[in-house]
Amino acid sequence: MDSVGTNRTPLRSVAAALATRSSALPRPHRHPALGNRLAAAKLGIASRCGGGYFDKVQRFDAARSTAAKAQSRKAGKSVIEEMGHTSSDCEVPLKYSSGKAFPLGVSQVEGGLNFAIFSQHASSVTLCLKLPERGTQDDAQIVEFALDRQKNKTGDIWHVSVEGLPASGVLYGYRINGPQGWQQGHRFDDTIILLDPYAKLVSGRKYFGVEEDKPSQLFGTYDFDSSPFDWGDDYKLPNLPETDLVIYEMNVRAFTADESSRLGSAVRGSYLGVIDKIPHLLELGVNAVELLPVFEFDELEFKRFPNPRDHMVNTWGYSTINFFAPMSRYASAGGGPVVASKELKQMVKALHNAGIEVILDVVYNHTNEADDAHPYLTSFRGIDNKVYYMLDLNNNAQLLNFSGCGNTLNCNHPVVKELVLDSLRHWVKEYHIDGFRFDLASVLCRGLDGSPLDAPPLIKEIAKDSVLSRCKIIAEPWDCGGLYLVGRFPNWDRWAEWNGQYRDDLRRFIKGDPGMKGVFATRVSGSADLYQVNNRKPYHGVNFIIAHDGFTLCDLVSYNSKHNDANGEDGRDGCNDNYSWNCGVEGETNDLNVRRLRSRQMKNFHVALMISQGTPMMLMGDEYGHTRYGNNNSYGHDTHINNFQWGQLEERKDGHFRFFSEMIKFRHNHPILRRERFLSKNDVTWHEDCWENQESKFLAFTIHDHNSGGDIYLAFNAHEYFVDAVIPPPPHHKSWSRVVDTNLESPNDIVPEGVPLTGSGYRIAPYSSILLKAKP
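The protein goes by isoamylase in an unreviewed UniProt entry, where it is assigned to Urochloa decumbens. Its UniProt record gives the protein a comment under Catalytic activity (unreviewed entry), which states: "Hydrolysis of (1->6)-alpha-D-glucosidic branch linkages in glycogen, amylopectin and their beta-limit dextrins."

The structure is reproduced here in structure tokens:
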């Protein structure tokens, strides 16, 4: 989830350990774990939530507690149904039978629909059905059926088959009761209708961020009426080699939500909006989009009760409600979950037809259900808290918090592990997703008690799974508990990693920190010190300078300090160690010299990223110089701060954008910049004789093309003065042409066909870089 660290509340016990490792520095929360950076370390024993506890429930009656009545009134009228018949006031007869344990979720069976849910510790489970023909969607009757332990339970799975239900349009959930022993890890509360973890579609609010719909009840739903999605006769998966990827990290909503997108209001911020802007992605040259979370999440979670962040909207989505359902409020025109599912497939199909792969940023390290101080009971917590979450059984069974968001999913528990695997397979089979980036993936390397595992079962099974074999799998190899695994992530030669060391070292060298030349050379060479182990390849390191967390590229060269006052936490949130440099003035300025320097620095970063061995990733908006005005933790702003500014893109199309686009295309056209193996001493020549000089901030080198002699010479000058570089002789029968000089104004800053170079020297300006190509 985080680039420079993790944007969550860290544990007090690890704060000191993290302080010396900037790559793993936790960032404050983005989610419902409220309070300052250390809130996660202050979890006390909260009082039990809700009321209406029953030792044993076979069906609900008039004695339901006040809280339960309030919940029922909110969700609709309640009707009690028993096995084999229906109450007299029901319009459609429903018949119940024992059903079957698998598959989990809702499935079609002969004569009806089967509902199955896992709960090891539940004492009672009641299926709740909201039937559209029995009222409007907002005020329909809820039919409740209490499952019988003898007839409707196999092992730890509760199940029932229902005859007479429509094949679509029904909303469903569960009331679940069980032991009330807080200190034993239980959090049952049968006054609340819970969402099925295996629901393939989720129904809630229709429109993104509309506060009037804030208390909307979440229900699972299904659609067995619609025909299978038509992927087309000529459709095929891109199946791009990992060596060829150029990843574009983006947010579905923020990409087109702004009016400058010139899309209709019904389409802005939707899956369909992305389709409209595919020509931009093609012009830029990227061939993979990494989407910030598109699993169903509650963007209004900060507004549940008064708190310092209740003015914000969770626009990034790192707070999963359900691991199978697409975000329904990314559908166009408030279309709901069925439309969302269809339009997501349309988006994937359109991207694939354009040769662009789709990678999902997935959050399996925690859920939206917060902590024990401010519990948010929607699903897993009330179904079986002791199974789904890591608990500290030596401390009143409080939730362990390695995510910084109040809870940690118990990923290596056999049941939870299978849930994650089923979820991933679902996205690959149903939506044709090409890969996954795993948020805070070090959490997935922890055992049931939170201790690190050398061979975590879930990580291994993802690597070995036959359905996932074609997928790119990328780890964010750290968490908020201090488990920093960059270069050491358990990988089975399959897992790639976000290279946090690359980000930090590139930032420090380009801005002119002393002593960084050697590590800069190591990073652009593919970080062999981290990844040249067993059968790992350079592309297993995902190189990035900017990601959704932290500064944008423009802000990296415009601010020395974060400016997060708008977040409501008095500047306590967001990372303090950004390795940024404002080029002499903090923030916006009309000083032309400062602005030119900033432009050069942004181009220098982009050149370095695109010539580095490994897989490059850039952030949406950096291609035109998007600013968040120094906010390095903008998760809660559904505004221009995060939204792509299409007007600014048009203004900078012939300058900044052109440079970024041409540099990406240069990488695509030169295989020696994206090798499948690590560089040998014959692949690169370092024009360097003062590696030990800590004050040297100039590096030049030649990457050799052994096939055609099309060598590439590069030089980076991070000094504040000119450097007169001696250019080495070109290969036999070749001459040097200048392709890039970041000190020159557009269009001379990048000339793809090259400008012939005369002489054997080149004067390289302060804070600039050049690229020469050997040509016949």
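Chemist: Teacher, can you tell me more about the pairing of strand S22 (residues 541-544) here?
Modeler: Successive residues of a regular strand alternate their side chains across the two faces of the sheet. The alternating pattern of S22 places Gly541 and Asn543 on one face and Val542 and Phe544 on the opposite face, and all of these are buried. In the sheet, strand S21 (residues 496-498) pairs with S22 via 2 bridges, with the strands oriented parallel. Across the sheet, the residue bridging to Trp498 is Val542, located in S22.

Chemist: What is the right way to read the packing of aromatic side chains from this model?
Modeler: Each aromatic ring pair is summarised here by two numbers: the centre-to-centre distance and the angle between the ring planes. All chains considered together, the criterion is met by 39 aromatic pairs. When the centroid spacing of 6.2 Å and the interplanar angle of 70° are considered together, the rings of Tyr248 and Phe255 count as edge-to-face. Across the pair, exposure class does not vary: Tyr248 and Phe255 are buried alike. Positioned above the aromatic ring of Trp182 is the side chain of Arg187, whose terminal nitrogen or guanidinium carbon lies 3.6 Å from the ring centre.

Chemist: Would you mind going over the sheet that holds strand S15 (residues 288-291) with me for this structure?
Modeler: Across a sheet, strands are paired by hydrogen bonds formed along the backbone, either parallel or antiparallel in direction. Strand order in the closed barrel formed by 8 strands is S14-S15-S16-S19-S20-S21-S22-S23, with parallel pairing between adjacent strands. For this sheet, the mean angle separating the axes of adjacent strands, direction not counted, is 25°. In terms of strand pairing, strand S16 (residues 357-362) meets strand S19 (residues 435-438) through 4 bridges, oriented parallel. Note that in S19 the partner of Val362 across the bridge is Phe438. Sheet contacts for helix H6 (residues 337-353): S15 and S16; angle to S16, the most-contacted strand, approximately 135°.

Chemist: Help me understand helix H9 (residues 457-464), please; the structure alone is not making it clear to me.
Modeler: Note on helix geometry: an α-helix contains 3.6 residues per turn, so any two residues three or four positions apart are oriented the same way. If you check which residues of H9 are buried, you get Leu458, Ile459, Ile462 and Ala463. Down the axis of H9, the sector holding all buried residues measures 135°, keeping them to one side. The inward-facing, buried residues of H9 contact helix H8 (414-431), S19 and strand S20 (472-475).

Chemist: Looking at this structure, I do not really get unusual backbone geometry. What am I missing?
Modeler: Excluding glycine, residues mostly carry a negative phi; peptide bonds, for their part, are mostly trans. Here the amide bond leading from Phe102 into Pro103 is cis, since omega sits at 0°, within 30 degrees of zero. Locating Pro103 in the fold gives a position in the loop between strand S4 (95-97) and strand S5 (105-109). A positive phi is found at His432, a non-glycine position, where the angle reads about 60°. Even without glycine at this site, Tyr579 takes up a positive phi of about 50°. By secondary structure assignment, the location of Tyr579 is in the loop between helix H13 (553-556) and helix H14 (592-611).

Chemist: It is not clear to me how the pairing of S19 should be interpreted in this structure. Could you clarify?
Modeler: On S19, burial covers both faces: Gly435 and Arg437 on one face and Phe436 and Phe438 on the other are all buried. One ladder, built from 4 bridges, connects S19 with S20; its direction is parallel. By the bridge assignment, Gly435 is partnered in S20 with Lys472. Handedness of the crossover joining S19 and S20 through H9: right-handed.

Criteria and thresholds
Residues numbered from 1 in each chain as written. Predicted model: local features only at pLDDT ≥ 70, side-chain atom pairs only at ≥ 80, totals over all residues. Heavy atoms only, no water. UniProt positions renumbered as here; feature names shortened; annotations may be inferred. Buried < 20%, exposed > 50% of the residue type's maximum accessible area, 1.4 Å probe, protein only. Helix = DSSP H or I, 4+ residues; strand = E, 2+ residues; numbered from the N terminus. Pairing = 2+ DSSP bridges. Phe/Tyr/Trp six-rings, centres within 6.5 Å; stacked < 30°, edge-to-face > 60°. Lys NZ or Arg CZ within 6 Å of the ring centre and 35° of its normal. Axes fitted to C-alpha atoms, helices over the stretch in contact; angles between N-to-C directions. Contact = heavy atoms within 4.5 Å. Arc of directions from axis to C-beta. Right-handed = clockwise from strand over helix to strand, strands pointing away.

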